[in-house]
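Each chain, letter by letter, is given below.
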Amino acid sequence: MRVMSWLDSSRRRRVQKSLKHLDSDDSATSSSLSEVTGSSSLHSSLSLQTLPSVPSLQKIPSDAHAITVSHSVTSSFKLRERSLPVTCLAVNGGYLFAVSGHEVSIYDRAMCAHLDTFNGQDPFSGSVKSVGFSGEKIFTAHQDGKIGVWKLTAKSGYKQLTTLPTLNDRLRRFALPKNYVQVRRHKKRLWIEHADAVTALAVNNGFIYSVSWDKTLKIWRASDLRCKESIKAHDDAVNAVAVSANGTVYTGSADRRIRVWAKPDDSKRHELVATLEKHKSAVNALALNDDGSALFSGSCDRSILVWERVDSSNYMAVSGALRGHDKAILSLFNVSDLLLSGSADRTVRIWRRGADGCYSCLEVLSGHTKPVKSLAAVRDSESDGVVSIVSGSLDGEVKCWKVSVSKPDNSIYKSLVL
């Protein structure tokens, strides 16, 4: 089956526009949101080939080495009475940050008890699309292209310190014409400003990495909140960013590409070191494993690609695909040796890598009535294999899961062999 209709430029623009509206949750577009998640962009992805040229990394565990998995829903709640979509989840210590519309709600993670809400009085900043943490500061990415900076205070609760770019940063640069870049016809902005919605944030080693529908990657220093770099990263909207411990940056875009950025020792700026091209449609989500040796990417083509480092350099090569979701992949999250994937098919899948490099789908978590837009997880104990997972959906509901993954006791098989 040919996919030329998908690749047609005019249709691709319409689909990408629909995907942008998928992430929108203000009251003016809540009705059109239902239409998008129902039959337009997400259903059109069903006609795509699921990358037949990429081998599958999946396997079915044998009975002798089967892993026992059990799960339960410990809590389920709506963030707001109007059931606006849950667009972002983040865990910081014992707290869960959950976003619906422009409001950020904080919950006690263990009890799922609501503690506080901030940004509730500022609907004009648009929906919050991502939350990041650096020290005592909290960063929120907004529809209006700004990044909010917050701090928990003893007297006032969560207080907004400033927005990025800061006023001081603007004043330092506004007078020089060289600090302006063309963003649209007859319109220029300072290079430190995002010209469209900020879609994702990543935090690493004192720096904040932000990506936007304006096609750029910007890097901010958390200590003084200054913008240090702005990179024209892609040819279309950038939807996802991930940063490894060594500072290598990965960006995923609606242009179907993943780009890899690194800063050489003798340079002050990041440089493009690789472009990863295998997906057939927009890249929506990225995640790295704990040591940064494997990158996972999720796309509207329904597949999760696994990229592995082939040598000591930053180059990554695709090793295979994980298939099972029957609609677009919207969110990915890596916790210890488990990969979680959330999809427009309303399910969460739990994947685990075996010693042979193959992956098993351990469990499928179902219960949401609309696409799963965001995931967060923590491993409660390395010894007992219990993982706490939180999933947020466009149905406005947050579900908290306890998943227990127990490895088989092979001692009986060893005694039989002996």
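Residues numbered from 1 in each chain as written. Predicted model: local features only at pLDDT ≥ 70, side-chain atom pairs only at ≥ 80, totals over all residues. Heavy atoms only, no water.

**Q** Looking at this structure, how should I read the sheet that holds strand S20 (residues 283-288)?
**A** Ordered by their spatial adjacency, 4 strands build an open sheet running S20-S21-S22-S23, and the pairing between neighbours is antiparallel. Every other strand in the sheet has two partners, leaving S20 and strand S23 (316-322) as the edge strands with one partner each. Taking each pair of neighbouring strands and ignoring which way they run, the sheet shows an average axis angle of 25°. Note that strand S21 (residues 294-299) and strand S22 (residues 304-309) share 5 bridges and pair antiparallel. Bridge pairing in S22 places glycine 298 opposite isoleucine 304. (Pairing = 2+ DSSP bridges. Helix = DSSP H or I, 4+ residues; strand = E, 2+ residues; numbered from the N terminus. Axes fitted to C-alpha atoms, helices over the stretch in contact; angles between N-to-C directions.)

**Q** Sorry if this is basic, but what is going on with the packing of aromatic side chains here?
**A** Within a pair of aromatic rings, the relevant descriptors are the distance that separates the centres and the angle that separates the planes. In total, this model carries 6 aromatic pairs according to the counting rule given. Ring geometry for phenylalanine 97 and tyrosine 158: centres 6.3 Å apart, planes at 90°, overall edge-to-face. A residue pair is termed long-range when its members are at least 10 positions apart, and phenylalanine 97 in strand S3 (residues 95-100) and tyrosine 158 in strand S9 (residues 157-164) qualify at 61 residues. The exposure classification of phenylalanine 97 matches that of tyrosine 158, with both residues buried. Here the aromatic residues Phe97, Phe118, Phe133, Trp150 and Tyr158 are joined through ring pairs into a cluster of three or more. (Phe/Tyr/Trp six-rings, centres within 6.5 Å; stacked < 30°, edge-to-face > 60°. Buried < 20%, exposed > 50% of the residue type's maximum accessible area, 1.4 Å probe, protein only.)

**Q** Help me understand the pattern of salt bridges in this model?
**A** Side chains that differ in charge, positive against negative, can pair when their charged atoms come close. For the coordinates displayed, the defined rule picks out 14 salt bridges. Across the salt bridge formed by lysine 399 and glutamate 397, the nearest N and O atoms sit 3.8 Å from each other. Residues lysine 399 and glutamate 397 agree in their burial class; the two are buried. In the salt-bridge network here, residues are joined through shared partners; they are Lys232, Asp235, Asp255, Arg257 and Glu277. (Salt bridge = Lys/Arg side-chain N within 4 Å of Asp/Glu carboxyl O.)

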